[in-house]
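# Structure at a glance
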Amino acid sequence: MVDSTPRPYLQVQPGYLVRRLQQAAVALFMAQTAEQALTPVQFAAMIATHEQPGLDQRTLADSIGFDTSTIGGVIDRLERRGLIQRNLAPHDRRVRLLTLTPAGEQLLAEVLPGVKATQELILAPLPEADRPVFMAMLHKLVEGHAGVPPGSAGD
């Protein structure tokens, strides 16, 4: 059933609603990972590195939709915590290849169940039957805007 109650201008704008949902998703994620002090971007960097060991920073940034000019700071923080390491690429000494450390793999395994539960919480307000449709629409929107560079939006 569609709610036909009149709403203020912002509350019917897709950009505003996407931003509000993103704020809720981040808050739920941060509550779940507070003990591990892990941000959503750090988690994304770790899971991508786990799935593709040996990827370089530029490829990592592209794969998680993050700005290449600031991904280095994310990697720096993970490296200082002993969760990720940079290794020289054998083919090009200017390139650093990323791998998770054993501590990084352990932390990832520790937070993954909670992160999965958080994803379910994000979708919880929707009836279960609507969730796959919503996810399909989200994929279509993200793929339809794939040409928009990460970090190009202002605050």
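Residues numbered from 1 in each chain as written. Predicted model: local features only at pLDDT ≥ 70, side-chain atom pairs only at ≥ 80, totals over all residues. Heavy atoms only, no water.

Per an unreviewed UniProt entry, the protein goes by MarR family winged helix-turn-helix transcriptional regulator and derives from Leptothrix discophora.

Cross-referencing UniProt, the feature "domain: HTH marR-type" (unreviewed entry) maps to residues 14–143 in the present numbering. Across residues 14–143, helical content stands at 65% and strand content at 13%; the span's end C-alpha atoms are separated by 16 Å. (UniProt positions renumbered as here; feature names shortened; annotations may be inferred. Helix = DSSP H or I, 4+ residues; strand = E, 2+ residues; numbered from the N terminus.)

This part is about the pairing of strand β3 (residues 92–100). Here strand β1 (residues 55–56) pairs with β3 via two bridges, running antiparallel. When the bridges of β3 are listed, Leu-55 appears paired with Leu-98. With six bridges connecting them, strand β2 (residues 84–89) and β3 associate as antiparallel partners. The residue bridging Leu-88 from the neighbouring strand is Arg-96, located in β3. Linking two consecutive strands that pair antiparallel, namely β2 and β3, is a turn of two residues. (Pairing = 2+ DSSP bridges.)

Here the focus is the packing of helix α3 (residues 57–64) against helix α4 (residues 71–80). Interhelical geometry of α3 versus α4 gives an angle of 105 degrees and a closest axis separation of 10 Å. Compared by their axis directions, α3 and α4 come out roughly perpendicular. Across the interface between the two elements, Gln-57, Leu-60, Ala-61 and Ile-64 of α3 pack against Ile-71, Gly-72 and Ile-75 of α4. In the contact of α3 with α4, the residues fall into five nonpolar, two polar and no charged. (Axes fitted to C-alpha atoms, helices over the stretch in contact; angles between N-to-C directions. Parallel < 35°, antiparallel > 145°, perpendicular 65-115°, else oblique. Contact = heavy atoms within 4.5 Å. Nonpolar A, V, L, I, M, F, W, Y, C, P; charged D, E, K, R; others polar.)

It is worth spelling out the packing of aromatic side chains at this point. In the structure shown here, the tally under the stated rule is one aromatic pair. When the ring of Phe-29 is compared with that of Phe-43, the centres are 5.7 Å apart and the planes differ by 55 degrees; the resulting orientation is tilted. With Phe-29 in helix α1 (residues 14–32) and Phe-43 in helix α2 (residues 40–51), the pair connects residues that are 14 residues apart, well separated along the chain. Phe-43 carries the same exposure label as Phe-29, and that label is buried. (Phe/Tyr/Trp six-rings, centres within 6.5 Å; stacked < 30°, edge-to-face > 60°. Buried < 20%, exposed > 50% of the residue type's maximum accessible area, 1.4 Å probe, protein only.)

The next point concerns the nonpolar core. Membership of the largest hydrophobic core comes to 22 residues, with the highest contact counts inside it found for Leu-38, Phe-43, Met-46, Leu-60, Ile-75 and Leu-78. Elements supplying a minimum of two residues to this core: α2, α3, α4, β3 and α5 (102–123). Broken down by element, the residue count for this core peaks at five residues, all from α2. Filtering out sequence-adjacent residues up to four positions away, Ile-75 remains in contact with Ala-45, Gln-57, Leu-60, Ile-84, Arg-86 and Leu-98. (Core = buried A, V, L, I, M, F, W, Y, C linked by side-chain atoms within 4.5 Å.)

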